[in-house]
Amino acid sequence: MENMANKVARIPNLVDWSTGEVRLMSAKCNSCGTYFFPKEHYQHRPGCSREGVEDVLLPTRGKLASYTIQYYPCPAPFKTEKKITPYGIGLVEFADEKIQITGIITETDLKTLKIGMEMETTLLEMYTNEEKQQVVTWAFKAV
Amino acid sequence: MRDVYIIGTGIHPWMGFSEQVFADFAAVAVDGALKDADIEWQKIQAIMAGIFIYGGNAGHLSGQYLESIFGETGIPVVNVYNACATGSASIRMAYNSIAAGETDTALAFGADVSPKGFLTAKSDNAVQDRDVIRWKMGGLPNPIYWALECRKRMEKYDTTEEDLALVKVLMSEYGSKNAHARFKKTYSLEEVLNSVYVCDPLRLYEICPVSTGAAAVIVTADKELIAKADNPVKINATTMGSAMYGDPTIRISALSCPSVAEAPMLSESYSASRQAYEKAGIGPEDIDLLELPDNSSWHYLVYLETCGFCGEGEADKMLRDGLTKIGGKLPVNPSGGFSSHGEALSAQALWQVIECSNQLRGRCGERQVEGAKVAMAQTYGLMGNSGTTILSV
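Only a predicted model underlies this, so the values are computations on that prediction, with no experimental measurement involved.

**Description of empty space enclosed by the protein**
All names here are of chain B. With the rule as written, the count across this model stands at 3 cavities of 30 Å³ or more. Its boundaries defined by the atoms lining it, the largest cavity holds a volume of some 160 Å³. Considering the residues around the largest cavity, the lining is formed by 17 residues, among which Cys84, Leu119, Asn142, Leu345 and Leu382 are closest to the centre. For the lining of the largest cavity, the secondary structure elements donating two or more residues are α5 (130-138) and α6 (142-156). Here the residues of the lining of the largest cavity sort into 10 nonpolar, 3 polar and 4 charged. Considered as a void within the structure, the second largest cavity measures approximately 90 Å³ in volume. It is α6 that provides the largest number of residues to the lining of the second largest cavity, a total of 3 residues. A breakdown of the residues in the lining of the second largest cavity according to their chemical character gives 9 nonpolar, 3 polar and 3 charged.

What follows is the structure in structure tokens.
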């Protein structure tokens, strides 16, 4: 992607694009095998020793498990420079990790959304900050 | 454990945003409950108060503020928050205090003035509070969560847009007959189906807004007070449940959920209802009417399944066959539900209990469920909070 250096996440530690690929930042518990997103959203299996939690990046691609189309602007503190409504919100499944993650759907004809379609993690440019950086969030697009 | 009865209830009617002081709404509800029970304030031996989260220090100590209005008597006052199941927590604490013999008569109340618009994040700490992430990064108001689950349901079962609209048609018919309801207009199927999408597949009339309201319940084991009460209502069980590991539901404020189910959907409500059935020795087949949390039309359907009134994917048929109408096998939300009231966080679970209680006391006029002897109130709260109350006469 172009200009990756001039982007900053609105909230850190959720999405990584340092390798050139956009990937969600998860954590895995090596004791109970559960993946968490965000990393601090612990969801251990009851009785788990909670030992060996490590940071992991999720795969770039998953499948659309559900979606909705949002017709009114999301209220503050959500903020985008350009009007994005109506926008899709997807629940994308990373099958091996047994986790589904929500995200805004970009660059997609909303009429073509279908459960089961392949999706790729991407970035949504929300607005430009005072340092002239593009403030971004994670998002998904149809492959 | 002693038998515990509801002897008095009071409601401040549900309405939109108000500049009035929340404790004044609470006082209206509590006054109503005292008059209904025909007792003096000094008979109240404990207050279990639902807190008003947007009310700052006053709201967080709502029990103390209420007590100061009616006169301070030195009794235990406990303030509790369990999101939309706050009222369930307050009545459960009142019940437990009395059943265990700590007190004879207690008051549970909640009063809430919802802010204008949406209920958004209450902190700015993204590490501790996922609400911050979902609002700043996710673009995820509450109804999106319901829409994502609704779409899954429509893909998995044969739930149709007509089913979702039919829920509103029924709720509006009952709400129009309820003096406490905020919305009293009735809607036809066409009108609901022609309303705009908020988050497809959910339309404007298929989700509930935020509201203002207050509710109060007086419970007792005092034999004299029970004897003089107008149709006292027995509490057979009042329970709280939390979520279970592996629940596949995408929970409000979460950014993720498990993709492989190892627990039932809405497991907090599954848990609360099963605890109540076991404690009461009463099962779904014994319930004459049900008040469930229809935050959206999806909730109306899924709650019938979660609470065991039918199998998974069978609720649509119950609805279409008229089984959930007043006069049907299991009247659901004869009050008009959240659809006709909107959410008033700390008060809504108590209002559901009061509707059940009023039905059992034969006070519901045009929307009365004839011959109702056993009723159940079921709540749903943010982040895995739920309560079930089973009542009988």
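**What about unusual backbone geometry?**
Only a minority of non-glycine residues have a phi that is not negative, and only a minority of peptide bonds are not trans. With omega at -5°, the peptide bond leading from Phe37 of chain A into Pro38 of chain A counts as cis. Assignment of secondary structure puts Pro38 of chain A in the loop between β4 (35-36) and β5 (53-57). The omega torsion of the bond from Asp200 of chain B to Pro201 of chain B falls at 15°, within 30 degrees of zero and hence cis. Position of Pro201 of chain B relative to the elements: it lies in the loop between β5 (197-200) and β6 (202-203). Positive phi, close to 70°, is recorded for Asn13 of chain A, a residue that is not glycine. Topologically, Asn13 of chain A is positioned in the loop between β1 (7-9) and β2 (15-16).

**Some thoughts on the environment of Leu61 of chain B**
Residue and element names in this part refer to chain B. With respect to the helices and strands, the residue Leu61 is situated in the loop between α2 (56-60) and α3 (62-70). Judged by relative accessible area, which is 34%, Leu61 ranks as partly exposed. Taking C-alpha positions, Leu61 is 6.1 Å from Asn79, a pair spaced 18 residues apart along the chain.

**Observations concerning the sheet that holds strand β2 (residues 46-50) of chain B**
Residues and elements named next belong to chain B. Spatial ordering of the open sheet is given by β3-β2-β4-β7-β1-β8-β12-β11-β10, a layout of 9 strands whose pairing is mixed. Both edges of this open sheet fall to β3 (77-80) and β10 (289-291), since each of them pairs with a single strand only. Pairs of neighbouring strands in the sheet enclose a mean axial angle of 20°, with direction left out of account. Both β2 and β3 contribute to a ladder of 4 bridges, which runs parallel. Residue pairing for β3: Ile47 is matched across the bridge by Val77. Against the sheet, α3 makes contact with β2, β3 and β4 (105-113), and its axis sits at roughly 135° relative to β3, the strand it touches most. Against the sheet, helix α4 (residues 86-99) makes contact with β1 (5-15), β2, β3, β4, β7 (212-220), β8 (233-242) and β12 (385-392), and its axis sits at roughly 125° relative to β8, the strand it touches most.

**A closer look at the interface of chain A and chain B**
With 42 residues of chain A at the interface, the matching set in chain B holds 36 residues. The junction of chain A with chain B conceals about 3400 Å² of combined surface from both sides, 65% of it contributed by carbon and sulfur atoms. Ranking the residues of chain A by area buried against chain B places Ile11, Tyr72 and Gln100 of chain A at the top, with a combined share of 16%. The interface formed by chain A and chain B contains 1 salt bridge. Ionic pairing is found between Glu262 of chain B and Arg45 of chain A, a salt bridge with its closest N-O pair at 2.9 Å. At the junction of chain A and chain B, the tally comes to 18 residue pairs in polar contact (both at pLDDT 80 or more).

**So, the layout of surface pockets**
Residue and element names in this part refer to chain B. Considering only enclosed or pocket space, the largest pocket measures out at about 550 Å³ in volume. For the lining of the largest pocket, the elements supplying multiple residues, two or more each, are α6, α10 (267-280) and α11 (297-306). Counting residues per element, the lining of the largest pocket draws most heavily on α6, at 5 residues. Within the lining of the largest pocket, the residues separate by chemical class into 12 nonpolar, 4 polar and 8 charged.

**Topic: the pairing of strand β9 (residues 118-128) of chain A**
All names here are of chain A. As paired strands, strand β6 (residues 61-70) and β9 are joined by 3 bridges and run antiparallel to one another. From the neighbouring strand, Gly62 faces β9, where its bridge partner is Met119. Where β9 lies against strand β10 (residues 134-142), 9 bridges are found, and the strand directions are antiparallel. Bridge pairing in β10 links Leu123 to Trp138. Remark: 5 residues form the turn of the hairpin made by β9 and β10, two consecutive strands paired antiparallel; Lys132 in that turn has positive phi of roughly 65°.

**Some points on the UniProt feature "domain: Thiolase N-terminal" (unreviewed entry) in chain B**
In the numbering adopted here, UniProt assigns the feature "domain: Thiolase N-terminal" (unreviewed entry) to residues 17-219 of chain B. What you have in residues 17-219 of chain B is 43% helix and 16% strand, and the ends, taken at the C-alpha atoms, are 30 Å apart.

**Points about the pattern of salt bridges**
Close approach of charged atoms allows side chains with opposite charge to pair. Taken as a whole and judged by the stated rule, the model has 25 salt bridges over all chains. Of the charged contacts, one joins Lys185 of chain B and Glu191 of chain B as a salt bridge, the two residues approaching to 3.6 Å between their closest N and O atoms. Assessed through its relative accessible area of 36%, Glu191 of chain B is described here as partly exposed. Through salt bridges with shared partners, a single network forms among Arg61, Glu118, Glu120 and Lys141 of chain A.

**A few points about the packing of α4 of chain B against helix α14 (residues 345-360) of chain B**
Residues and elements named next belong to chain B. In the contact formed by α4 and α14, the axes pass within 6 Å of each other and the chain directions differ by 60°. Here α14 runs oblique to α4, going by the angle between their axes. Contacts between α4 and α14 involve Thr86, Gly87, Ser88, Ser90 and Ile91 from the first element and Leu345, Ser346, Ala349, Leu350 and Val353 from the second.

**Considering the UniProt feature "domain: ChsH2 C-terminal OB-fold" (unreviewed entry) in chain A**
The feature "domain: ChsH2 C-terminal OB-fold" (unreviewed entry), as given by UniProt, occupies residues 56-120 of chain A in the numbering adopted here. Helix makes up 0% of residues 56-120 of chain A and strand 48%. Its end C-alpha atoms lie 17 Å apart.

What counts, and at which threshold
Residues numbered from 1 in each chain as written. Chains lettered and ligands numbered in written order. Predicted model: local features only at pLDDT ≥ 70, side-chain atom pairs only at ≥ 80, totals over all residues. Heavy atoms only, no water. 1 Å grid on protein atoms, 1.4 Å probe; cavity = no way out; pocket = protein on both sides within 12 Å on 5 of 7 lines; lining within 4 Å. Points joined across faces, edges and corners; volume = space filled by probe spheres on them. Helix = DSSP H or I, 4+ residues; strand = E, 2+ residues; numbered from the N terminus. Nonpolar A, V, L, I, M, F, W, Y, C, P; charged D, E, K, R; others polar. Buried < 20%, exposed > 50% of the residue type's maximum accessible area, 1.4 Å probe, protein only. Pairing = 2+ DSSP bridges. Axes fitted to C-alpha atoms, helices over the stretch in contact; angles between N-to-C directions. Contact = heavy atoms within 4.5 Å. Buried area = accessible area lost by both parts, 1.4 Å probe. Salt bridge = Lys/Arg side-chain N within 4 Å of Asp/Glu carboxyl O. Polar contact = N/O pair within 3.5 Å; in protein donor to acceptor, adjacent residues only side chain to side chain. UniProt positions renumbered as here; feature names shortened; annotations may be inferred. Parallel < 35°, antiparallel > 145°, perpendicular 65-115°, else oblique.

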